[in-house]
Amino acid sequence: MANFILIGLCIIAGILFRKSKSLPKDAHKGINAWIIYIALPATSFKYLPHIAWTKDLFFPVFAPICVWLLGWLFVTIYAKFSKVSRATSGGLKLVSSLSNTSFIGFPLIIAYFSEKEIATAIICDQITFALLSTIGIIVAIRSSQQQKLSVNLILKKVLSFPPLLGCVLALTLPRFFNLSSFDALLDKLSGTVGPLALFSIGLQLKFGGWFSEIKHISFALLYKLILAPLSILMIALILGISGMIARITIFEMAMPTLLTAGLVADQYNLNPKVSNLVVGMGILLSFITTGVWWLILTQTNLF
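As the structure is a computational prediction, the values presented were derived from the model and not from experiment.

Peer 1: Explain the confidence of the model for the protein to me, please; I cannot follow it from the model alone.
Peer 2: Predicted coordinates in regions of low pLDDT should not be interpreted in detail. Averaged over the protein, the pLDDT score is 84; the fraction of residues at 70 or greater is 94%. Here helix α7 (residues 151-159) stands out as the least confident element of the protein, with mean pLDDT 71; helix α12 (residues 244-253) is the most confident, with 95.

Shown next, in the form of structure tokens:
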């Protein structure tokens, strides 16, 4: 219960600070920079070196890719029959198919399960960011036609992304160096992810003008919050995958839209109004839907 109270207080604090204008307009950018450049890499170093790698961990690698591919197909069909613009279609692909596996996912996993399960969540998170940094950027560029697509651009986006670099270093450096003396520091740095991420979300939540875009918003949230995790649940059952790794993976796929996906949609002018509304409303609704998914994953005999 204490974790849920903390989650609510952090988001409410962000909303109140935004409304009071006590902080600069773009204060969330500084907070996000800390999370992306410092806290998330520290979290990788805290958990990844201690993971016992098994074949079951292919599932959290596979799940975000599957959600992306199914989301791309879902939106493509929707765009064809709804005759939406290329920009709107591209924006919907970004905000429907990428999960908020860290900013929302980590705090909720701690609240519903335990902190040690973040190790599995990190794998989902790194694959999600890799998808955004590669295929997501390709979709954004092709949908907006603001930049010329090139291999160098994609490589630059991928190789300069701090959480991904942190993940790679966390998997390699401990093989050659003893980093245990940094454990206390890593613990404190990684502990800032949840509160700061939730506070940042509160600073960015916007809901104005949602009714006129309800069709697109409903479609995106139907897939992101219900159909996406349901598809991964069905795949797990078909393949006979069970246990805590499967539960955490499915739970991560039930998270709302990745905040950075909304920022990319805004940067490339992919109907930013719809994209931002999907992000904001998805976060609020996810506090209900993730509770339902937790019940399904823990209180039934499926796993």
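Peer 1: I'm lost on α12 in this one. Help?
Peer 2: Among the 10 residues in α12, eight count as buried, and that is most of the element. Among the residues of α12, A246, R247, I248, T249, I250, F251, E252 and M253 are the ones counted as buried. Packed against the buried residues of α12 are α3 (58-82), α5 (105-112), α6 (118-144), α11 (214-239) and α14 (272-298).

Peer 1: Could you clarify how one ought to interpret unusual backbone geometry in this entry?
Peer 2: Leaving glycine out, the prevailing phi sign among residues is negative, and the prevailing peptide bond configuration is trans. Its identity as a non-glycine residue notwithstanding, K83 has a phi of 55°, on the positive side. With respect to the helices and strands, K83 occurs in the loop between α3 and α4 (86-97). Using a relative accessible area of 75% as the deciding quantity, one classes K83 as exposed. The backbone of N271 sits at a positive phi, close to 50°, despite the residue not being glycine. By the secondary structure assignment, N271 is in the loop between α13 (259-267) and α14.

Peer 1: Hey, could you run me through the pattern of salt bridges in this one?
Peer 2: Working definition: two side chains of opposite charge can pair if their charged atoms are close together. In this structure the tally under the stated criterion is two salt bridges. In this structure, E115 engages K46 in a salt bridge whose closest nitrogen and oxygen atoms are separated by 2.9 Å. Within this pair, whereas E115 is found in the loop between α5 and α6, its partner K46 is found in helix α2 (residues 27-47), the two being separated by 69 residues in sequence. Residue class for K46 comes out buried when judged on its relative accessible area of 18%. Measuring nitrogen to oxygen at the nearest pair gives 2.5 Å for the salt bridge that ties D187 to K46. One end of the pair, D187, is in helix α9 (residues 183-190); the other, K46, is in helix α2, with 141 residues separating them in the sequence.

Peer 1: Hey, could you run me through the packing of α12 against α14 in this one?
Peer 2: The angle between the axes and the distance between the axes are what describe a pair of packed helices. One way to put it is that α12 packs onto α14 with a least axis distance of 10 Å and a crossing angle of 160°. Accordingly, the angle class assigned to the pair α12 and α14 is roughly antiparallel. Pair α12 / α14 crosses with right-handed handedness. Contacts between α12 and α14 pair R247, I250 and F251 from the former with T290, W294, L297 and T298 from the latter. Split into classes, the residues belonging to the contact of α12 with α14 amount to four nonpolar, two polar and one charged.

Peer 1: Is there a simple way to think about the packing of α5 against α6 in this case?
Peer 2: Closest axis-to-axis distance for the α5/α6 pair is 10 Å, and the angle between their directions is 155°. The angle between the axes of α5 and α6 places the two elements in the roughly antiparallel class. The handedness of the crossing between α5 and α6 comes out as right-handed. Listed contacts from α6 to F106, I109 and I110 of α5 are I118, A121, I122 and D125. Looking at the contact of α5 with α6 residue by residue, the classes come out as six nonpolar, no polar and one charged.

About the cut-offs
Residues numbered from 1 in each chain as written. Predicted model: local features only at pLDDT ≥ 70, side-chain atom pairs only at ≥ 80, totals over all residues. Heavy atoms only, no water. pLDDT = per-residue confidence, 0-100. Helix = DSSP H or I, 4+ residues; strand = E, 2+ residues; numbered from the N terminus. Buried < 20%, exposed > 50% of the residue type's maximum accessible area, 1.4 Å probe, protein only. Contact = heavy atoms within 4.5 Å. Salt bridge = Lys/Arg side-chain N within 4 Å of Asp/Glu carboxyl O. Axes fitted to C-alpha atoms, helices over the stretch in contact; angles between N-to-C directions. Parallel < 35°, antiparallel > 145°, perpendicular 65-115°, else oblique. Left-handed = near helix turned anticlockwise from the far one by under 90°. Nonpolar A, V, L, I, M, F, W, Y, C, P; charged D, E, K, R; others polar.

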